[in-house]
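The residues making up each chain are set out below.
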Amino acid sequence: GQQVMQIPQYQHVQEGEDFTTYCNSSTTLSNIQWYKQRPGGHPVFLIQLVKSGEVKKQKRLTFQFGEAKKNSSLHITATQTTDVGTYFCAASYNTDKLIFGTGTRLQVFP
Amino acid sequence: GEEVAQTPKHLVRGEGQKAKLYCAPIKGHSYVFWYQQVLKNEFKFLISFQNENVFDETGMPKERFSAKCLPNSPCSLEIQATKLEDSAVYFCASSRTTGYNEQFFGPGTRLTVL
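Figured I'd write up the structure that's included with this text. (Residues numbered from 1 in each chain as written. Chains lettered and ligands numbered in written order. Predicted model: local features only at pLDDT ≥ 70, side-chain atom pairs only at ≥ 80, totals over all residues. Heavy atoms only, no water.)

This part takes up the overall build of chain B. Across its full length, chain B carries 0 helices and 11 strands. When its helices and strands are written in sequence order, chain B yields β-β-β-β-β-β-β-β-β-β-β. In terms of overall size, chain B behaves like a compact globule, its C-alpha atoms giving a radius of gyration of 13 Å where 114 residues would be expected to give roughly 13 Å. Expressed as lengths along the three principal axes of its C-alpha atoms, the size of chain B is roughly 35 × 25 × 25 Å. Going through the 114 residues of chain B one by one, you find that 46% of them count as buried. Across chain B, every contact between residues at least 6 apart in sequence was considered, and the portion connecting residues at least 24 apart equals 52%. Total accessible area computed for chain B in this model is approximately 5900 Å², and 50% of it derives from carbon and sulfur atoms. (Helix = DSSP H or I, 4+ residues; strand = E, 2+ residues; numbered from the N terminus. Rg over C-alpha atoms; globule rule 2.2 N^0.38 Å. Buried < 20%, exposed > 50% of the residue type's maximum accessible area, 1.4 Å probe, protein only. Contact = heavy atoms within 4.5 Å. Areas by Shrake-Rupley, 256 points an atom, 1.4 Å probe, with all protein chains shown as cover.)

Turning to the interface of chain A and chain B, a few remarks are in order. With 20 residues of chain A at the interface, the matching set in chain B holds 20 residues. For the chain A face of the interface with chain B, the top three residues by lost area are Asp96(A), Lys97(A) and Phe100(A), together amounting to 34%. For the pair chain A and chain B, the interface holds 0 salt bridges. Run the count over chain A and chain B and you get 3 residue pairs in polar contact (both at pLDDT 80 or more). Residue assignment for the side of chain A that touches chain B shows that the elements contributing at least two residues are β4 (31–37), β5 (44–49) and β9 (85–92) of chain A. Examining the composition of the side of chain A that touches chain B, we find that 4 residues originate from one element, β4(A), more than from any other. (Buried area = accessible area lost by both parts, 1.4 Å probe. Salt bridge = Lys/Arg side-chain N within 4 Å of Asp/Glu carboxyl O. Polar contact = N/O pair within 3.5 Å; in protein donor to acceptor, adjacent residues only side chain to side chain.)

Another point: the pattern of salt bridges. Residues and elements named next belong to chain B. Tallied over the full model, the rule gives 5 salt bridges over all chains. In this structure, Lys 20 and Glu 78 form a salt bridge, with 4.0 Å as the shortest nitrogen-oxygen distance. Of this pair, Lys 20 sits in strand β3 (residues 19–24) while Glu 78 sits in strand β8 (residues 75–79); the two residues are 58 residues apart in sequence, bridging distant segments of the chain. Classification of Glu 78 by relative accessible area gives buried; the value is 14%.

Structure, rendered in structure tokens:
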């Protein structure tokens, strides 16, 4: 079946350092969404990317969709302790269901 | 309501017992999705509904899992004869139109099978 690989699995950073997580698919995606899940919480929608090469920014977060629509990245500039959580990409392949990536757990040390 | 509601918050069942989980989507949302998140954080899609109609059930273990979304009632996910490997957090999500749009997740039901 379709799989979305996400790396790294874990990332520990010092507050103020940057963080990036990457998603890769072997097949072309219709769109990709990003979610954040705090420990013990539920996924919360961050953004959706639809167009090839699309770049979107939300304050310190930058989201990119690859030109071939097979990969995506989330970059956080100058991390804060409030950024702690697991970041998931979630892909659509011409269907409505989301295929979640394996997630990247971010820990930020003050 | 403005949030997806899920009940119960926690559910403990002995192996072989039945488990039933409920989800009330956001008012006005036509699509409901069920996901299973196991301890390693992996999400597995189970089933989706468009209103009361099954839209995609490709993720459902057919033998023991069933789900419904009936008019004027919360949606439900039922597991007959639970197994240890069913232990997980079950999330319900809803979206206004299709899954191509933002999905709003409920707080989840943690099922523990002993």
